[in-house]
Amino acid sequence: MKADKRYAIAVSLVYVQYSKVLDDIAETMIKRMMSIHKKGRQFLKDYKEKRQKKTDSLVEMLHHLLLAYQLEGEAEERIQAMQKVLGDREEQVLRDCENHLALSGDNYFLFLWRFFKSHRSTFFKIIKSLPLRSTNQDTAIEEAVSFLLSHQYTRKEWISVVHVEKIGPWKKEVTPLLELSWIPDGWWRWLSRKRKKETRPEEVNRRHFEVCLFSQIILELKAGNLYIEGVCRLSGTVDFMGRVREECGRVL
């Protein structure tokens, strides 16, 4: 066999092995993140079962408030009856209601960090080794990955996602550092103090942002909106063998 052909075969084998390594790394990341989400869902289920008494207490409180509201008499008398039901627990009842609503709709995202944190260094090593590319012109996830890597060693609870420049004593100019439209609605209450996606935050919770981004990467890979350059199994958009043939053609 001629040397050129041997080189071509060697190049092909290197490409195949390189693809397999990247593919295995990606599969590891996907399986690990899916396991983290599974644990999060189970934790929420167990959490709700443990807090059932608290939920029953809130329903009972609502029942007494409605009975007080339906009493005969003036509006002021009904309000006084309702205040008597609440007593000095108004703030506590409000917090309990907000905590309950925050976890409504099986939103278990709050609990994912406790299962993610022990794998954090592994996920960062993986994301550094995988050449993620967008299959369209939307590069928001790629930019978010770069932003995340720049904060890998940050230990602050909240990280800024805008650049603020003061203009005079009263005005300021706010420039976004990255696009946040890719963040699912269910994550927003944990990522931002604003609680609503319509209001752009100046900073996000670093821990929840990390888990959210890695979770979204998995979803985008499965949906075909992201691919890993050089991997033929996970992405149907990369003509891997075409690249092999091209490289072989250079030496034959």
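Our structure is the block above this text.
Not measured: the values here are computed from a predicted model.

(A) Main features of the overall build of the protein. Along its length, the protein carries 10 helices and 6 strands. Every one of the 252 residues in the protein was classed for burial, and the buried ones make up 36%. As displayed, the protein offers around 16400 Å² of accessible surface, 53% of which is attributable to carbon and sulfur atoms.

(B) Just the pairing of strand E3 (residues 162-167), in detail. Pairing of E3 with strand E4 (residues 171-176), which is carried by 6 bridges, proceeds in the antiparallel orientation. Its bridge partner being in E4, histidine 163 is matched across the sheet by threonine 175. Counting the residues in the hairpin turn of E3 and E4 gives 3 residues, including glycine 168, whose phi is positive at 75°.

(C) Highlighting the packing of aromatic side chains. Across all of its chains, the model carries 12 aromatic pairs by this definition. Centre to centre, the rings of tyrosine 47 and phenylalanine 111 are 5.3 Å apart; their planes meet at 50°, and the pair counts as tilted. With a gap of 64 residues between them, tyrosine 47 in helix H1 (residues 3-50) and phenylalanine 111 in the loop between helix H4 (90-102) and helix H5 (112-116) connect regions that are remote in the sequence. For tyrosine 47, a relative accessible area of 26% corresponds to the partly exposed category. Taken together, the ring pairs in this structure connect Trp113, Phe116, Phe123, Phe124 and Phe214 into an aromatic cluster. Directly above the aromatic system of tryptophan 158 lies the positively charged group of arginine 193, at a separation of 3.9 Å from the ring centroid.

(D) Geometry of the side chain of serine 134. Within the secondary structure, serine 134 sits in strand E1 (residues 132-134). Overall, the relative accessible area of 14% leaves serine 134 in the buried class. Within polar-contact distance, the side chain of serine 134 engages the backbone oxygen of asparagine 136 at 3.0 Å. A polar atom in the side chain of serine 134 sits 2.8 Å from the backbone oxygen of aspartate 138. Ignoring any residue separated from it by four or fewer positions in sequence, one finds serine 134 in contact with Glu142, Asn225, Leu226 and Tyr227.

(E) View of the side chain of glutamine 152. Its location among the elements puts glutamine 152 in the loop between helix H7 (140-150) and strand E2 (158-160). Discounting chain neighbours no more than four positions away, the residues touching glutamine 152 are Arg120, Phe124 and Lys128.

(F) Layout of the packing of helix H6 (residues 120-129) against H7. Packing of H6 against H7 brings their axes to within 11 Å, and their N-to-C directions diverge by 130°. The orientation of H6 with respect to H7, classified from their angle, is oblique. The hand of the H6/H7 crossing is left-handed. Listed contacts from H7 to Phe124, Ile127 and Lys128 of H6 are Val145, Leu148 and Leu149. In terms of residue class, the contact of H6 with H7 is built from 5 nonpolar, no polar and 1 charged.

Criteria and thresholds
Residues numbered from 1 in each chain as written. Predicted model: local features only at pLDDT ≥ 70, side-chain atom pairs only at ≥ 80, totals over all residues. Heavy atoms only, no water. Helix = DSSP H or I, 4+ residues; strand = E, 2+ residues; numbered from the N terminus. Buried < 20%, exposed > 50% of the residue type's maximum accessible area, 1.4 Å probe, protein only. Areas by Shrake-Rupley, 256 points an atom, 1.4 Å probe, with all protein chains shown as cover. Pairing = 2+ DSSP bridges. Phe/Tyr/Trp six-rings, centres within 6.5 Å; stacked < 30°, edge-to-face > 60°. Lys NZ or Arg CZ within 6 Å of the ring centre and 35° of its normal. Polar contact = N/O pair within 3.5 Å; in protein donor to acceptor, adjacent residues only side chain to side chain. Contact = heavy atoms within 4.5 Å. Axes fitted to C-alpha atoms, helices over the stretch in contact; angles between N-to-C directions. Parallel < 35°, antiparallel > 145°, perpendicular 65-115°, else oblique. Left-handed = near helix turned anticlockwise from the far one by under 90°. Nonpolar A, V, L, I, M, F, W, Y, C, P; charged D, E, K, R; others polar.

The analysis is restricted to geometry; functional conclusions fall outside its scope.
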